[in-house]
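# Structural characterization, general
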Amino acid sequence: MPLFDFKTTGPEVVAAFSERVSGKTFAITGASRGGLGAQTALCLAAAKPEEILLLGRSEDKVSPVIQRIKEISPSTIARFIKVDLASCASVRAAATEINSSVSKIDVLINNAGIMGVGFSLTPDNVESHLGANHIGHFLLTNLLVPKLEVSSDGARIVNVSSALYQLSPVLFDNYNFSGGKSYNSLEAYGQSKTANILFAVALAKKLERKGIKSYSLHPGVIMSTGLSAGVDPEAWSIVESAVGNKKMEMPKEKTIMQGCATILTAALDPTLDDLSGSFLDDCNPKRPLQYASDPSNAEKLWSLSEKIVGENFSY
C-alpha cells in the first residue's frame, strides 16, 4: 500500500491504482480548463478510463480539456455536459442527458464550486454558495444514483469540500443570511463546504445497501485555480478572527497536482472501502469538527435539501 501525504501528486495516485481506472466511467463537475476538475480528469486519462463526462457551464472552457484527454488516451470517450449547478432546472436537464446516454457511472466527483461572491439568491431561492456548491450537487447525485448502483465494483461519490468549512456550520434556521442582511461571503462559503461534508456522511449511510461509498475532502489551497480571486477583501476578517481565536489552522498551499491527489485518493484507494463517509486531508482520513460530522446534522441537511429541490429521495 503506497503511503500518501501532503506531497503526493495526482499522477502518483493514478499510477498506484491504475487498474481501478481502466475501463471505468467518471463524471466530474467543474471541469473548466485550469481548474482542479480538469486536472483530475487529465490525471485519470493516463490510465485509460472508458469514459469521462465533464460537466460545466461553458463548453468553450471545457473543450481544451476534452482535446487533451483524447491526446493522452485516444480510446477514452470524453464528453461535455452543460450544467449550471445554481439552477435545479439545469441540473435536472443534465441528469436526464447523462442517464439517457451512459450505462453506468463508477465515480462521481462533485468538484465544482464558487467562493466569495456577493450576496444573491439562486432561481430556487437559496443563497448562491449553498445553492451552487451543495444543493446542485445534492440533486445531481441523487438523480444519478440509478447509474451509480450498477457499477460492477461498487461506485464512489466524492465531494470536494475545503478546510474553510471551519468558518461556519450549516445555519439551518438562517441559511439565507436574513436575505443578505447578515451576509459574509466567506461564512457563506464555509456553510456550503460544511454541507459538502455532511452530504457525504448522509450518503454513506443511505447508500450502503446499494454498495455505493461516499467521501469528502479538503484538496488544499491551490491559488493557481483562481477560485479565491474574487473574494471581497473585507470578507477575510472572518478568517482572521477564526485563526486568532485558534478555532482553525490555516491550510498550507499546494500545487494543482498535489491538490488532485486527495480527490483521486478518495475516488480510487481501496483501503478506504470500510471508511465510507470519511473526510480526507492530505490523502488521509481526518476527523472534522463535530458539527460537520454529526449524523443528526446530516439528516437535517438532507431534509432541508429535499425541501429546497422539491423532491424526496429514499433509499
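Residues numbered from 1 in each chain as written. Predicted model: local features only at pLDDT ≥ 70, side-chain atom pairs only at ≥ 80, totals over all residues. Heavy atoms only, no water.

### Observations concerning the pairing of strand 2 (residues 51–56)
Applicable threshold: Exposure is judged per residue with a 1.4 Å probe applied to protein chains only, and the accessible area is read against the type maximum: over 50% gives exposed, under 20% gives buried, and values in between give partly exposed. In DSSP terms, a helix is any run of H or I states spanning at least four residues, a strand is any run of E spanning at least two, and both are numbered starting from the N terminus. The criterion for strand pairing is that DSSP finds at least two bridges linking the strands in question. Whether a crossover is right-handed comes down to one check: with the strands pointing away from the viewer, does the path from the first strand over the helix to the second run clockwise; if it does, it is right-handed.
With six of its six residues buried, strand 2 lies for the most part within the structure. Residues Glu51, Leu53 and Leu55 line one face of strand 2 and the alternating positions Ile52, Leu54 and Gly56 line the opposite face, and both faces are buried. Pairing of strand 1 (residues 25–29) with strand 2, which is carried by five bridges, proceeds in the parallel orientation. Bridge pairing in strand 2 links Thr29 to Leu55. Running through helix 2 (residues 36–45), the crossover from strand 1 to the neighbouring parallel element strand 2 is right-handed.

### Regarding the sheet that holds strand 4 (residues 107–110)
Rules: Contacts are residue-level and defined by heavy atoms, with any inter-residue pair within 4.5 Å sufficient. Only C-alpha atoms enter the line fits that serve as axes; for helices the fit covers just the stretch in contact. Angles between N-to-C directions range over 0 to 180 degrees.
Spatial strand order, 3-2-1-4-5-6-7-8: eight strands in an open sheet with mixed pairing. Across the chains shown, the open sheet's two edge strands, defined by having one partner strand only, are strand 3 (77–82) and strand 8 (284–285). One ladder, built from three bridges, connects strand 1 with strand 4; its direction is parallel. Within strand 4, the residue paired with Ala27 across the bridge is Leu108. Together, strand 2 and strand 3 form the strand contacts of helix 4 (residues 88–99), whose direction differs from that of strand 3 by roughly 155 degrees. Most of the contacts of helix 5 (residues 128–148) go to strand 4, to which it runs at about 175 degrees, and overall it touches strand 1, strand 2, strand 4 and strand 5 (156–160).

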